[in-house]
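Architecture at a glance
Listed here are the chains, written in short residue letters.
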Amino acid sequence: MYSRIPQVYRPGNAIAVLCAAALLCLGANAAETKGKKGGAQTTHASKDKKAGRIRFEKGSGETRAERDRRLQRECKGMPNAGACLGYGS
């Protein structure tokens, strides 16, 4: 009598899954060894360089007084909510 084999247990699928798992393991191993080699070099390079400061932009470039005047002008007659909170009518 013919017995039907479920599609999950067919040999072609098992081979494909094993190949995919092997490729993933090889890729992870290569990335791990690359990280180990690069880590030793970066520690020497970081000792030679001084730590740089992070510079932030000061925003829109308008002063507090300019912003207040702009909001008073733009929020005339608008509801007192959102960006116009404190400036609306």
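Notes on the structure follow. (Residues numbered from 1 in each chain as written. Predicted model: local features only at pLDDT ≥ 70, side-chain atom pairs only at ≥ 80, totals over all residues. Heavy atoms only, no water.)

1. Focus on the overall build of the chain
Definition in use: Numbering goes from the N terminus for both helices and strands, where a helix is a DSSP run of H or I of at least four residues and a strand is a run of E of at least two. Think of it in three bands: with a 1.4 Å probe and only protein chains considered, a residue is buried below 20% of the maximum accessible area for its type, exposed above 50%, and partly exposed in between.
Looking only at helices and strands, the chain features two helices and zero strands. By residue count, 3% of the 89 residues in the chain fall in the buried class.

2. Examining the state of the cysteines
Note the following rule: Throughout, a disulfide means two cysteine sulfur atoms within 2.5 Å of one another.
Going through the model one piece at a time under the given rule, you end up with one disulfide. With its sulfur 2.0 Å from that of its partner, Cys-75 forms a disulfide with Cys-84. The sign of the -75° torsion about the S-S bond sets the Cys-75-Cys-84 disulfide as left-handed. Cys-84 sits in the buried class, given a relative accessible area of 9%.

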